[in-house]
Amino acid sequence: MASLTLHGLTKSYGDVAVVKSVSLEVRDGEFLVLLGPSGCGKTTTLRMIAGFVPPSGGSICIGDQDITSLPPWKRNAGLVFQSYALFPHMTVAQNVAFGLEMRKASRTEIVPRVAEALRLVRLDGYSERYPRQLSGGQQQRVALARALVIRPDVLLLDEPLSNLDAKLRLQVRLEIRALQQQTGLTTVMVTHDQEEALTMADRLVVMSDGAVRQLGTQSDLYERPADLFVAGFVGRSTMITGIVTASGAFRSDGGLVLTCPATALQGPATIALRPERLTLGPAAQGLDNHAPGTVSFVSYLGAMLDVHVRLNATDHVMVQIPNRSDGLTPAVGDAIEVGWPASACLVFPREAA
Amino acid sequence: MAGSMADGRLVGRVALHGIAYLTLSFILMPLVFVTWLAFFAQEIPSFPPEGYSLKWFGAIANNRNFVTGLWTSVQVAVAATAIGLALAVPASLILARRQFAGNAVMSQFLLLPLVVPGVVMGTAIYVFQIETEIATGLPILGSLGGLVAGHTLIVIPWTVRLVTASLAGLDRATEEAAQSLGANQWTTFFRVTLPAIRPGVVAGALFGFVTSFGNLEMSLFLVGPGRITLPIAILQYLEWKIDPTVAAVSVLQILLIAAAMIITDRYVKLARVV
Ligand SMILES: Nc1ncnc2c1ncn2[C@@H]1O[C@H](COP(=O)(O)OP(=O)(O)OP(=O)(O)O)[C@@H](O)[C@H]1O
Ligand SMILES: [Mg+2]
């Protein structure tokens with residue numbers, strides 16, 4: 001067990017920098033998730049940690065050992081691939097034993113450790129099967145057992161759930177998290193599924209365009225996003241563009257005058273609003289900001305409803321309300337009052353266009 | 001309407017099968033006739049046969065040329081296949097994985113012996129070996145080594161092609177998985193890569209072997225006194241006699257190759273590789 005430190009990690013292909021000076025520390029036993037849109041450099045970062053992509057700059061340390069120039073087979077990193085990458089010509093037991101054989105473990109040591117690893121992923125009884133005789137979820141767990149059995153310093157997971165169906169994904173997600181906590185493994189997982197990221201992580205890193213935008217806990221990212229990108233990427237929000245005219249005063253491009261936190265810097269800005277912070281109907285009147293609008297669209301989410309309200313020609317907001325048959329259920333075309341407190345406004349300065 | 005459409009489909013299927021079987025019998029006809037001929041009793045083949053006999057198979061054993069020819073052919077084919085594989089596997093790996101200038105040209109180049117006529121290859125190698133002999137003083141032309149060297153060239157296209165094809169089906173991530181589990185490049189190759197491309201290696205070996213074993217044109221230039229291959233022994237025999245001994249030798253050849261194919265097929269399903 002150890003911590004993992006990336007320092008100024010950079011990767012360029014020709015003139016194109018795909019990972020730009022990434023620095024972060026994964027604490028001992030921590031589950032860190034790298035989250036970001038497709039192509040932002042998550043896999044590249046993970047593969048640099050595993051040793052398959054030579055960095056163009058920066059360093060990687062496990063504990064206090066610099067592993068930047070070590071080949072993959074000397075890194076003691078357990079890697080789980082999106083495609084599982086099980087050895088097709090070996091049985092489940094042989095797959096799991098492979099890493100121990102490479103470590104020159106004796107037969108008497110290998111057998112019980114393989115059995116233990118398979119028990120951990122609840123696959124005892126499958127040891128003599130071949131990978132092609134297993135379901136996707138079972139293959140996934142073999143891959144996990146194979147990575148865990150070598151007691152790696154860090155566990156690296158690249159979209160380990162993306163080949164599973166929605167229901168299995170939920171289950172395996174919990175299993176991986178439970179296993180990770182049980183074994184206390186320092187873990188880095190890559191995903192672009194934010195629900196997965198939010199439910200599994202101790203802390204998250206949001207990346208975009210090769211750079212770290214924010215590192216923090218779920219509530220850091222959701223309630224205190226560092227920039228507009230994070231606000232838009234983590235959770236849902238609607239944006240209102242305009243200008244901070246004075247301390248705590250905002251005027252939207254559509255002419256709305258809003259109260260925002262006094263800390264917002266003056267100048268062009270965008271406000272991000274989380275849909276659940278908004279209130280509909282008469283109760284909106286008492287809030288810092290309120291405006292009349294027209295319901296333009298309602299989407300039904302089961303327990304919740306998303307109500308899109310147009311406030312004027314340019315501004316609109318999305319409001320999430322509980323779906324109650326007795327309560328107010330707005331219909332498209334209804335005139336309705338929307339309101340929210342100043343504290344719900346996440347204000348981000350914007351480069352003047 | 002529906003009935004006539006079904007009828008049309010039936011006619012189409014019958015026609016397809018008919019043509020397929022016609023083509024197949026056309027291909028098999030020489031094999032069948034040669035095999036039949038090998039059992040004719042009389043010396044000058046004529047139809048219908050006057051009777052049947054196994055004596056021509058016995059005659060093979062009494063002909064020194066056939067016996068040494070068979071032995072030389074087997075030796076050459078085995079050696080050329082082994083060397084061809086040892087060269088083709090690394091070559092295919094590099095061609096499939098490294099981007100370098102001339103990569104595409106190189107992969108075409110390795111297949112070239114398939115399309116260059118055997119006589120041209122034979123002449124070229126003949127001249128090359130003579131020149132090398134003159135330059136170095138080593139006895140090359142007509143030696144077993146010289147023959148194997150030539151045959152390696154015609155084995156390589158098959159091994160490269162089939163190994164390359166099976167590499168395409170290999171999941172690179174399994175190799176990375178092996179490395180992350182502590183296997184260095186060599187161990188990864190022997191424990192993960194090689195087992196995965198085994199069907200291509202085995203099929204490449206088989207086709208390489210058959211190509212070498214049956215080669216006549218190129219060998220004609222490379223054999224020396226006292227060291228001829230089986231196809232050349234057959235050719236030489238035909239210059240003097242046309243009795244069914246030649247047919248019997250051919251049957252032997254067919255059986256050998258068929259046996260190789262059947263054994264290979266039990267090991268890897270050829271239909272899936274080629
Ligand atoms: N070998 C390479 N040569 C050139 N560019 C590359 C190479 N590998 C990756 N890239 C580029 O680097 C960028 C980051 O790729 P990466 O695979 O790390 O993205 P990702 O965040 O994992 O995306 P996804 O969520 O789609 O998996 C992409 O724009 C990609 O095109
Ligand atoms: Mg990726």
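Keep in mind it's a predicted model, so treat the numbers as computed, not measured. (Residues numbered from 1 in each chain as written. Chains lettered and ligands numbered in written order. Predicted model: local features only at pLDDT ≥ 70, side-chain atom pairs only at ≥ 80, totals over all residues. Heavy atoms only, no water.)

So, about the overall build of chain A. In terms of helices and strands, chain A carries 8 helices and 20 strands. With the principal axes as the frame, chain A shows a C-alpha extent of 75 × 50 × 30 Å. Within chain A, the fraction of its 353 residues that count as buried is 51%. Counting only contacts in chain A whose residues sit at least 6 apart along the sequence, the fraction spanning at least 24 positions is 66%. Total accessible area on chain A stands at roughly 15500 Å², and carbon and sulfur atoms take up 53% of it. One finds the centroid of the 32 positive side-chain charges in chain A at a distance of 6 Å from the centroid of its 33 negative side-chain charges. (Helix = DSSP H or I, 4+ residues; strand = E, 2+ residues; numbered from the N terminus. Buried < 20%, exposed > 50% of the residue type's maximum accessible area, 1.4 Å probe, protein only. Contact = heavy atoms within 4.5 Å. Areas by Shrake-Rupley, 256 points an atom, 1.4 Å probe, with all protein chains shown as cover. Lys, Arg positive; Asp, Glu negative; His and termini not counted. Charge placed at Lys NZ, Arg CZ, Asp CG, Glu CD.)

The next subject is the side chain of T191 of chain A. All names here are of chain A. In this structure, T191 sits in strand β8 (residues 186-191). At a separation of 2.9 Å, a polar atom in the side chain of T191 contacts the main-chain amide nitrogen of D193. Dropping the residues within four chain positions of it, T191 is found in contact with V33, L34, L35, G36, K42, E159, E196 and A197. (Polar contact = N/O pair within 3.5 Å; in protein donor to acceptor, adjacent residues only side chain to side chain.)

All names here are of chain A. Applying the stated criterion across every chain, the model contains 16 salt bridges over all chains. The partner of R169 in a salt bridge is D193, and the shortest N-O contact between them spans 3.7 Å. Remark: D193 occurs in the loop between β8 and α6 (194-200) and R169 occurs in helix α5 (residues 166-183); sequence separation between them is 24 residues. Look at R169 and you get partly exposed, because its relative accessible area is 23%. Sharing partners across several salt bridges, the network here consists of R27, E30 and R203. (Salt bridge = Lys/Arg side-chain N within 4 Å of Asp/Glu carboxyl O.)

A few words on unusual backbone geometry. Residue and element names in this part refer to chain A. Although it is not a glycine, S21 sits at a positive phi angle of roughly 45°. Position of S21 relative to the elements: it lies in strand β2 (residues 16-26). The partly exposed category is assigned to S21, whose relative accessible area is 48%. At E159, a position not held by glycine, the phi torsion is positive, near 40°. Along the chain, E159 falls in the loop between β7 (154-158) and α5.

All names here are of chain B. On average, residues of chain B score 84 in pLDDT, and 96% of them reach the 70 mark or higher. Ranking the helices and strands of chain B by mean pLDDT puts helix α7 (residues 172-180) first, with 93, and helix α12 (residues 270-273) last, with 64. In the model output, the complex is listed with pTM 0.80 alongside ipTM 0.82. (pLDDT = per-residue confidence, 0-100.)

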